Amino acid sequence: MDKNVKKIYETMSGLFKIIHKLQDENLKNSDFADLSRTEIHAVTAIGIGRPKTMTHVANILEIKVSTLTSTVNKLVKKGYVERLRDDKDRRIVKVALTDKGEQAAREYEQFMERIVKGAVSQVPFDKLQYFVSAIDNINQYFMAKSSMVYVKTSPFELKPIKLGPHELPVPIVQAGMSICIAGAGLASSVAAEGGLGLIGTTDIGYRRPDYEKDRLAANIEGVREAVSEAKRRRDEAGGGGLIGVTVMWSNPNAPAYVDAAVKSGAQVIVTSGSIPRDLPKYCGDKKVALVPTVSSKRAASAIIRTWSQKYNRMPDGFILQGPFAAGLLGFREDQLDRAEQEWHRIIADIKSELSKFENCPLIVGGGIFTKEDAETAYKYGADGFLMGTRFVLTEECDAPDEYKKRYLNCERNDVTIIRSPMKTSVRAMKNSFTDRVAEGKCEDYDIFEAVKRSVEGDYDGGLMFCSEQAESIGRIDTVKDVFREFET
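The structure displayed is predicted, hence computed values, not measured ones.

A. The environment of Gly330, seen in detail. In this fold, Gly330 is placed in strand β12 (residues 327-332). When its relative accessible area of 39% is taken as the criterion, Gly330 is described as partly exposed. Sequence separation of Gly330 and Ser272 is 58 residues, and the distance between their C-alpha atoms is 9.2 Å.

So this is what it looks like as C-alpha cells:
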C-alpha cells in the first residue's frame, strides 16, 4: 500500500473510532446518560419541528423501519419521543420529540458543533477554504460510491444548452411567476443577458379593462401583448437569450394560452402544475421548445413515454422543481421532509434518465439562490438553473416596489409552509392569511386570488410566495448583477 494512502486510511479509520468514543463519553456525562449512541442518532433524525413518519426517519438513518421501531419504543418509554396521529388521516402515525427530546437534540448538536469547530481551528486560516472543499469532495465521492450516483468532477461552468431548435447562451432561467410578477419587463431583461426569460400566464390579463367581462379573452390578449413586448425589448437591447411562457397545465384554458404564446413568437413553453401528457398536440410548430416541470424521475419518464408513443416527440428539456422552492411545490406535506433529505439524489436520478437521450438538458430550480447553490446542483447533474425569488429582488421585476420591500425585509422565520387546495405544499411569507390556512379555517381557498390580493397591496390578507433564502441578499440587484455573480 502506498505510504500516503496508508496514512490517510489509518487516519480516517481512527477518526471514526475517536468520534464514537467522544459521543459515548458526552452522553455518559450529560443529563441524558440513559441514551445510547443509537438512540441519540434517532433523536436527531426525528429532529425539532414537524413530526415525521417512521419511514422518513428510517430513510434518514438508512435502516429498516423494523429496526427503527425497537429504538423508538425505547425512546417513548424514556420520555424522549411521542407518537402522534395525523390530523388529516388518522391512519397515519408520526413521531415527534417531546420537550425532553428537543433538549437532548439541542445539547447533542451543540456538542458536535464544538467538536467540529475545535477540529477546524487546527487548520490555518488561509488553508480553510481548501480544507472545506477537500472534505466536500471526499464526501461526494463516498456518497457516489454508496448510492451509485454519478457526481461530476469537472469544474463548474455556465455552458450554453440546447432547448429544441434554440440555443440558450447562458443556462440561467427566470421562473415564470404569475399574476404580473414576471412580465415583459423582467423576462426581456433576463433574455438580454443571454438567459431564458419566462412570462407567467396565470391571470396575466387581470388588469385589463375587459377582464371581468371576458377573463379568457383578456388573459389570451395579455399573453400576446407580453410575449410581443418582451421580444421587442430583448431585441432592442441586443440580447441573445430566449423568451418563453410558463403555463399552469391544470388550468382548463392552458391550451389557449399555449396557442397565443406560440403565435406571438414565444420560443419556449414551460408547463407546471400537472403532467402535460397532450402538450405536443397544441404545439405542432417544432420551432418551439417544450419543457415540462417535474418533481421526480417517475414523472419525467411518464412524459417521455407518452410523448414518444403518441406524438413521436421528446421533451426538449425538463425543469426539476425542488423542495426548497417558493410557491407551489410538487410534494405533499408527508413527502417534503424526505425530498429535502434526498434532493441531490433526485437530481442525479433524473439526470441519469435524461442522459440516455440527446439534447435533453436538466434545469434545476428550488433553492438556487447563489452561485454556490448552482455549483452543488451542477455536481449532481444540473445543466441549467432556475430562480424565482432571486429575480423578484431585482429592479426589473414587474412587481410593485412595496411588494419587493416585503421580500427585502423578510427573515428566515418569516417564511412558512402551508397546504394548498390541491393537497400539496406551498412555501410563502407568514401573515394572517397563512395562519388561517394552517389552522384549517380556509382550506379550499383560491390560491391565485390570494396571490392577486398580495400583488394589489393586501400583504396581510394575501399570499406571497417566498423562499427561505430571501433574507440572504438584503438588497435590490439588477438582472445584470445576478448574471455577473454567476458568471464570475
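B. Broad picture of helix α13 (residues 371-379). Three or more residues of α13 are buried, namely Lys371, Ala374, Ala377 and Tyr378. Down the axis of α13, the buried set is contained in an arc of 120°. They therefore lie on one face.

C. Here's a closer look at the pattern of salt bridges. With the rule as written, the count across this model stands at 28 salt bridges. A salt bridge links Glu102 to Arg106, with the shortest nitrogen-to-oxygen separation between them at 3.7 Å. Of this pair, Glu102 and Arg106 both sit in helix α5 (residues 99-120), separated by four residues, roughly a single helical turn. Here Arg232 and Glu236 are joined by a salt bridge, their closest N and O atoms 2.6 Å apart. Highlighted residues: Arg232 and Glu236, both in helix α8 (residues 215-237), separated by four residues, approximately one helical turn.

D. Representation of unusual backbone geometry within the structure. If you check the backbone angles, Asp203 has positive phi at about 50° while not being a glycine. Along the chain, the position of Asp203 falls in the loop between β7 (196-200) and α8. One non-glycine residue, Asn312, lies in positive phi territory at about 55°. Here Asn312 lies in the loop between α10 (297-311) and β11 (318-321).

E. Local environment of the pairing of strand β10 (residues 289-294). Burial within β10 is extensive, with five of its six residues counted as buried. Judged from the four bridges that link them, strand β9 (residues 268-272) and β10 form a sheet pairing that is parallel. From the neighbouring strand, Val268 faces β10, where its bridge partner is Ala289. Bridge count between β10 and β11: two bridges; the pairing is parallel. Paired with Thr293 across the bridge in β11 is Ile319. Since β10 and β11 lie parallel, the crossover through α10 that links them has a hand, and here it is right-handed.

Rules used in this analysis
Residues numbered from 1 in each chain as written. Predicted model: local features only at pLDDT ≥ 70, side-chain atom pairs only at ≥ 80, totals over all residues. Heavy atoms only, no water. Helix = DSSP H or I, 4+ residues; strand = E, 2+ residues; numbered from the N terminus. Buried < 20%, exposed > 50% of the residue type's maximum accessible area, 1.4 Å probe, protein only. Arc of directions from axis to C-beta. Salt bridge = Lys/Arg side-chain N within 4 Å of Asp/Glu carboxyl O. Pairing = 2+ DSSP bridges. Right-handed = clockwise from strand over helix to strand, strands pointing away.

All we've got here are geometric facts, nothing functional implied.
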